[in-house]
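What the coordinates show
Listed here are the chains, written in short residue letters.
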Amino acid sequence: MIYTYELSVQVKKFLAGNIEAFEKIFVMTADDVYFHVSMVIRDPAEAERMVIKIYKDLYMQIGRLDKVENVIAWYNEIVYHELDNWLGKNYMEMLVTEGKGKYDNARVNNDVLYGEKLYNESETALIAVDYLYELNPIHSLTSLAYFFDKLAVDEIANLLQVDDERINKRVKYITLTIEDFCKQYAKSHEVRIANVDAHMILLAYVQLFKSVELPHPNKVYQKIIEALQ
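Conventions and cut-offs
Residues numbered from 1 in each chain as written. Predicted model: local features only at pLDDT ≥ 70, side-chain atom pairs only at ≥ 80, totals over all residues. Heavy atoms only, no water. Helix = DSSP H or I, 4+ residues; strand = E, 2+ residues; numbered from the N terminus. Rg over C-alpha atoms; globule rule 2.2 N^0.38 Å. Buried < 20%, exposed > 50% of the residue type's maximum accessible area, 1.4 Å probe, protein only. Contact = heavy atoms within 4.5 Å. Areas by Shrake-Rupley, 256 points an atom, 1.4 Å probe, with all protein chains shown as cover. Lys, Arg positive; Asp, Glu negative; His and termini not counted. Charge placed at Lys NZ, Arg CZ, Asp CG, Glu CD. Core = buried A, V, L, I, M, F, W, Y, C linked by side-chain atoms within 4.5 Å. Axes fitted to C-alpha atoms, helices over the stretch in contact; angles between N-to-C directions. Parallel < 35°, antiparallel > 145°, perpendicular 65-115°, else oblique. Left-handed = near helix turned anticlockwise from the far one by under 90°. Nonpolar A, V, L, I, M, F, W, Y, C, P; charged D, E, K, R; others polar. Patch = residues over 30% accessible without salt bridge, like charges linked within 9 Å, V, L, I, M, F, W, Y side chains within 5 Å. Salt bridge = Lys/Arg side-chain N within 4 Å of Asp/Glu carboxyl O. Arc of directions from axis to C-beta.

1. Considerations on the overall build of the protein chain
- Secondary structure summary: the protein chain contains 11 helices and 2 strands in total.
- Seen in sequence order, the protein chain has helices and strands lined up from the N terminus as α-α-α-α-α-β-α-α-α-α-β-α-α.
- Over its C-alpha atoms the protein chain spans a radius of gyration of 19 Å, differing by no more than 12% from the 17 Å that the globule rule assigns to 229 residues.
- In terms of principal-axis extent, the alpha carbons of the protein chain reach across some 60 × 40 × 30 Å.
- Each of the 229 residues in the protein chain was classed as buried or not, and the buried ones make up 47%.
- Summarising the internal contacts of the protein chain: among those between residues at least 6 apart in sequence, 77% fall at separations of at least 24.
- Carbon and sulfur atoms make up 50% of the accessible area of the protein chain, which totals about 12200 Å².
- The positive charge centre, built from 25 side chains, and the negative charge centre, built from 35, are 2 Å apart in the protein chain.

2. Considerations on the nonpolar core
- Residues V37, Y55, I178, I193 and Y205 are the most contacted members of the largest nonpolar core, which totals 76 residues.
- Among the elements that take part in this core, helix 2 (residues 21-40) stands out by supplying 11 residues, more than any other.

3. Some points on the packing of helix 4 (residues 71-90) against helix 7 (residues 137-148)
- Put simply, helix 4 and helix 7 touch, their axes get as near as 10 Å, and they point 165° apart. The angle between helix 4 and helix 7 falls in the class roughly antiparallel. By crossing handedness, the relation of helix 4 to helix 7 is classed as left-handed. Between helix 4, through Y80, L83, D84 and L87, and helix 7, the contact on the second element is made entirely by P137, I138, L141, L144 and A145.
- Grouping the amino acids of the contact of helix 4 with helix 7 by side-chain chemistry returns 8 nonpolar, no polar and 1 charged.

4. Topic: a negative patch on the surface
- A cluster of like negative charges, contributed by D154, E155, D163 and D164, occupies part of the molecular surface.
- Relative to the helices and strands, E155 is located in helix 8 (residues 153-160).

5. Some thoughts on the packing of helix 2 against helix 7
- Direction vectors running N to C along helix 2 and helix 7 enclose 145°, while the axes themselves pass 8 Å from each other. Within the contact between the two elements, helix 2 uses D32, F35, H36, M39 and V40 and helix 7 uses P137, S140, L141, L144 and F148.
- Split by residue class, the contact of helix 2 with helix 7 holds 7 nonpolar, 2 polar and 1 charged.

6. So, helix 8
- Along helix 8, the residues classified as buried are V153, I156, A157, L159 and L160. Looking down the long axis of helix 8, one finds its buried residues gathered within 165° of arc, a one-sided arrangement.
- Buried residues along helix 8 sit in contact with helix 4, helix 7 and helix 9 (164-189).
- Following helix 8 by one or two positions, Q161 has its phi on the positive side, about 60°.

7. Side note on the side chain of R166
- Here R166 lies in helix 9.
- For R166, the contacting residues outside a window of four places in its chain are E98, G99 and D104.

8. Thoughts on the pattern of salt bridges
- Across all of its chains, the model carries 10 salt bridges by this definition.
- A salt bridge links R49 to E46, with the shortest nitrogen-to-oxygen separation between them at 2.6 Å. In this pair, R49 and E46 both sit in helix 3 (residues 44-60), 3 residues apart, roughly one turn of the helix.
- By relative accessible area, which is 24% here, E46 ends up partly exposed.
- With a shortest N-O distance of 3.4 Å, K169 and E165 are connected by a salt bridge. You can see K169 and its partner E165 sitting in helix 9, 4 residues apart, about one turn around the helix.

Written out as structure tokens, the structure reads:
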């Protein structure tokens, strides 16, 4: 979530007990919440249930936000903890195999690409967008935290209840697999691509974020209010 003056105004009102400000906070943040949720939970009905749960938590845990300046950290803690808990309930087997080293060694693609057409960073990012949907849910959550939200490794480790080494291994695996995907595309289309790095992957997420909106936000907000009653 991006910290803005408009958001800070509504958060201050909410902290002061103005319940009506909650709806405005929802309007400002709903697409961001849904983007994070939908990248991890691909079932639309389940994703909607998670969005409702997150906003219920945001409402109920407002007392933990001591000042407006800490709203992003407070928000991230709720969103990432809920999604991490969902992974623990639904992908425990994958987490166990990860702990045994299944994803420790990604394929390194050393292809040197040649072609008349050169894709710039933004064009290369559009190739990577397709692969972001191929990430498994565990890697999707870490990828969002590291590349899209640009959180520090130790902060991600704390949010996802693992150690720094596990996060570093995930980031390396994600980067190498996205690079492999992009290079395979470049090879089949006989083009050259830009370097696949953190900034390029961020561009891919930004492009993807532009196309994602929470479906039927008014209906979802009503369900949130019902869940709070």
